[in-house]
Amino acid sequence: MTTTTPRRAVYAGSFDPPTLGHLWMIQEAQSLFDELIVAIGTNPEKRSTYTIEERRAMLDAITHPFPNVRISVFENRFLVDYAREANANFIVRGIRSSADYEYERSMRYINSDIAPEISTIFLMPPREIAEVSSTMVKGLVGPQGWRDMIGRYLPDPVYQKILQDHETNT
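Per chain, residues are indexed from 1 in the order of the written sequence. Residue-level local features of this predicted model are given only where pLDDT is at least 70; pairs of side-chain atoms are given and counted only at 80 or more, and the full residue set underlies all totals for whole chains, interfaces and linings. The basis for every side-chain value is the complete set of heavy atoms in the structure, and neither hydrogens nor water enter the calculation.

In the nomenclature of an unreviewed UniProt entry, the protein corresponds to Phosphopantetheine adenylyltransferase from the organism Neisseria flavescens NRL30031/H210. UniProt positions are given in the numbering used here, feature names are shortened, and annotations may be inferred rather than shown by experiment. Listed in UniProt under the heading Cofactor (unreviewed entry), the comment for the protein reads: "Mg(2+)". Of the comments in the UniProt record for the protein, the one headed Function (unreviewed entry) reads "Reversibly transfers an adenylyl group from ATP to 4'-phosphopantetheine, yielding dephospho-CoA (dPCoA) and pyrophosphate."

Every case where a carboxyl oxygen of Asp or Glu lies within 4 Å of a side-chain nitrogen of Lys or Arg is listed as a salt bridge. The final tally for this structure, using the stated rule, is eleven salt bridges. Ionic pairing is found between Arg96 and Asp100, a salt bridge with its closest N-O pair at 3.2 Å. Using a 1.4 Å probe on the protein chains alone, a residue whose accessible area is under 20% of its type maximum counts as buried, one over 50% counts as exposed, and one in between counts as partly exposed. Owing to a relative accessible area of 18%, Asp100 belongs among the buried residues under this scheme. In this structure, the salt-bridge partner of Glu102 is Arg105, at a minimum N-O distance of 2.7 Å.

The strand order across the open sheet formed by five strands is β3-β2-β1-β4-β5, and the pairing between neighbours is parallel. For this open sheet the edge positions go to β3 (69–75) and β5 (119–123), each flanked by a neighbour on one side alone. With direction set aside, neighbouring strand axes in the sheet form an average angle of 30 degrees. Running at roughly 130 degrees to β5, helix α1 (residues 20–32) makes contact with β1 (8–13), β2 (35–42), β3, β4 (90–94) and β5 of the sheet. The rule for pairing is simple: two strands pair if DSSP sees at least two bridges between them. Strands here are runs of E lasting at least two residues and helices are runs of H or I lasting at least four, both read from the DSSP assignment and numbered beginning at the N terminus. Between the N-to-C directions of two axes lies an angle of 0 to 180 degrees, each axis being a line fitted to C-alpha atoms and, for a helix, fitted only over the stretch in contact. Contact between two residues is taken to exist if any of their heavy atoms lie within 4.5 Å; hydrogens are not considered.

On to the pairing of β3, then. Here β2 runs beside β3; their pairing, made up of seven bridges, is parallel. Following the sheet pairing, Ile37 is matched in β3 by Arg70. Since β2 and β3 lie parallel, the crossover through helix α2 (residues 52–63) that links them has a hand, and here it is right-handed. Crossovers are marked right-handed if the path from the first strand over the helix to the second runs clockwise, as seen with the strands pointing away from the viewer.

Right, here's the structure in full:
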């Protein structure tokens, strides 16, 4: 009897907040691997809008249809080191633009120098969500009509959370 090692991947980001682009990446990646770890990375140099707990709750809400997805957190460390500790064979990264490609290509080479046993897989989201980012969504909140505008870029549980938070804070 042969046993196979599960194909485990890590998809990391700040997810501040999770967007439809993130959800697309999760949906695609979970179909390719036995297990997908969605890892919320924290950077002490960056100020987040949402707490780790809030981001985890939003990710839990949007990933519940995928039984092979689990949410995790890693702090102040290199993604490749976290992936190795998690026994992941793969790191999943999104490419939205040529600038993303250049950055991710460099990181892929550095990661393979550190951990040659971990492969980096690039996924390219569809054109209609390729420009969606958490920073862009947060920048749209406030002006007249913002609710309709951001609704097209966010999974419903995330959209509802932002609406609720905005109502509470105004």
